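Residue strings, one per chain:
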Amino acid sequence: MSPRRPKRKTSDPSLPSHFSMVRSFQLADFVTLGNAVCGCLSLMFAMKALLTQNTDFLFTSFWCIPAGVFFDFLDGRVARWRQSTSILGQELDSLADFCSFGIAPAVLGFACGFQKMLDLVVLTYFVCCGLARLARFNATVAAMPTDLNGKIKFFEGTPIPTTLVIVGVLAYGVFNGKFWRFANPEYQHEGPFASFSQAFTPDNVWGGEVSLFPGYELHPLVLMYAVSGTLMISRRLRIPKL
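Sequence positions are assigned chain by chain, starting from 1 and proceeding in written order. Local features are withheld for residues below a pLDDT of 70 in this predicted model, meaning they are given only at 70 or higher, and side-chain atom pairs are given and counted only at 80 or more; totals for whole chains, interfaces and linings count all residues. Side-chain measures were taken over the full set of non-hydrogen atoms in the model, leaving aside hydrogen atoms and water.

I'd like a description of the side chain of Asp 119, backed by residues and values.
Following the sequence through the fold, Asp 119 ends up in helix H5 (residues 117-140). The cut-offs for exposure are 20% and 50% of the maximum accessible area for each residue type, with area from a 1.4 Å probe on protein chains only; residues under the lower value are buried, those over the upper are exposed, and the others partly exposed. Positive charges come from Lys and Arg alone, negative charges from Asp and Glu alone, with His and the N- and C-terminal ends not counted. Basic side-chain nitrogens of Lys or Arg form a salt bridge, by our definition, when they fall within 4 Å of a carboxyl oxygen of Asp or Glu. This buried residue, Asp 119, is left without a salt bridge; Lys 116 holds the nearest opposite charge, at 7.3 Å. Working rule for contacts: check all heavy atoms of both residues, and any pair within 4.5 Å makes them a contact. Setting aside its immediate chain neighbours within four residues, Asp 119 contacts Gly 113, Phe 114, Leu 218, His 219 and Val 222. Helix numbers and strand numbers start at the N terminus; a helix is a DSSP run of H or I with at least 4 residues, a strand a run of E with at least 2.

Any chance you could break down unusual backbone geometry for me, citing the residues and the numbers?
Trans is the common state for peptide bonds, and a negative phi is the common state for residues other than glycine. In this structure, Gln 53 takes a positive phi of about 55 degrees despite not being glycine. As for its placement among the helices and strands, Gln 53 is situated in the loop between helix H2 (27-52) and helix H3 (55-82). Taking relative accessible area as the criterion, Gln 53 reaches 30% and is therefore assigned partly exposed.

Tell me about the packing of H2 against helix H4 (residues 87-111), and name the residues and values.
Two numbers describe how H2 lies on H4: the axes approach to 9 Å, and their chain directions differ by 15 degrees. In this view, H2 runs roughly parallel relative to H4, as classed from their interaxial angle. In the crossing of H2 with H4, the sense of the turn from one axis to the other is left-handed. Three residue categories are used. Nonpolar comprises Ala, Val, Leu, Ile, Met, Phe, Trp, Tyr, Cys and Pro, charged comprises Asp, Glu, Lys and Arg, and polar comprises the others, including Gly. Among the residues forming the contact of H2 with H4, the class breakdown is 17 nonpolar, six polar and three charged. Note on method: axes are straight lines fitted to C-alpha atoms, helices fitted across the in-contact stretch only, with angles between N-to-C directions ranging 0 to 180 degrees. Any angle between 65 and 115 degrees counts as roughly perpendicular, while under 35 counts as roughly parallel, over 145 as roughly antiparallel, and the rest as oblique. Handedness of a crossing is defined here by the sense of rotation of the near helix relative to the far one, left-handed for an anticlockwise turn of less than a right angle and right-handed for a clockwise turn.

Hey, could you go over the packing of aromatic side chains for me, with residue numbers and the actual values?
Two aromatic rings from Phe, Tyr or Trp, using only the six-membered ring of Trp, form a pair when their centres are within 6.5 Å; if the ring planes differ by under 30 degrees the pair is stacked, by over 60 it is edge-to-face, and anything between is tilted. This model, assessed by the stated rule, comprises nine aromatic pairs. Residues Phe 126 and Tyr 225 carry aromatic rings whose centres are separated by 5.0 Å and whose planes lie at 85 degrees to one another, so their mutual orientation is edge-to-face. Residue Phe 126 is located in helix H5, and its partner Tyr 225 is located in helix H8 (residues 223-233); the two are separated by 99 residues in the primary sequence. Assessed through its relative accessible area of 1%, Phe 126 is described here as buried. Of the residues examined, Tyr 225 reaches a relative accessible area of 0% and is grouped as buried. By the ring-pair criterion, three or more aromatic residues cluster together here, those being Phe 114, Phe 126, Tyr 172, Phe 179, Trp 206 and Tyr 225. Only when the NZ of Lys or the CZ of Arg is both within 6 Å of the ring centre and within 35 degrees of the ring normal is a charge said to sit over the ring. Here the guanidinium or amino end of Lys 48 rests over the ring plane of Phe 57, the centre of that ring lying 5.2 Å away.

This is the structure:
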């Protein structure tokens, strides 16, 4: 007589099925993930541009941001068309926005030469403002006035996708040679300057730099990040939602 085979264990009915989270995604959530993909690619191409000193990768990084804006615009339309808004979709949208319009523009600023200690303080302030603005929106959106279609009537502070303007300024600067001058390395008696040392000298970063304290310099153009971050967290500034 052959030995009795043990009974196959059945899955615990209290546990969710495999890939249940992915299967619970609505169509709008997948569009939102497109925004997150654009943000991640922008970060990776910016780092690859620094490693290879190739502006093609930097421009690809720039183009990922308007692509993210397109997906961010589209996901809301798809959600209302499908009538499938959810808390999960709202949180996913905020996280994707933070990646594409908060972290990525700050990294692009660093890649373009805003690398002094005070520059980093400003860039960090900008990122924190974007994070706070998204958190405030999620916490207050349910109590904000809406129209007959359920859309909120206005934003408190500038929406975080407006950081596309900063990315446009950087792209214009790189395109016109105001950043990223890696070619034709200069020479000193010990040998050639390191390419990064030459590319990010005050003369090669748009707007130059100013010394506020001994050993602490700042690129004035980085202040556009401070202005953008401050406008995002303003509660008195109300932007009508189109």
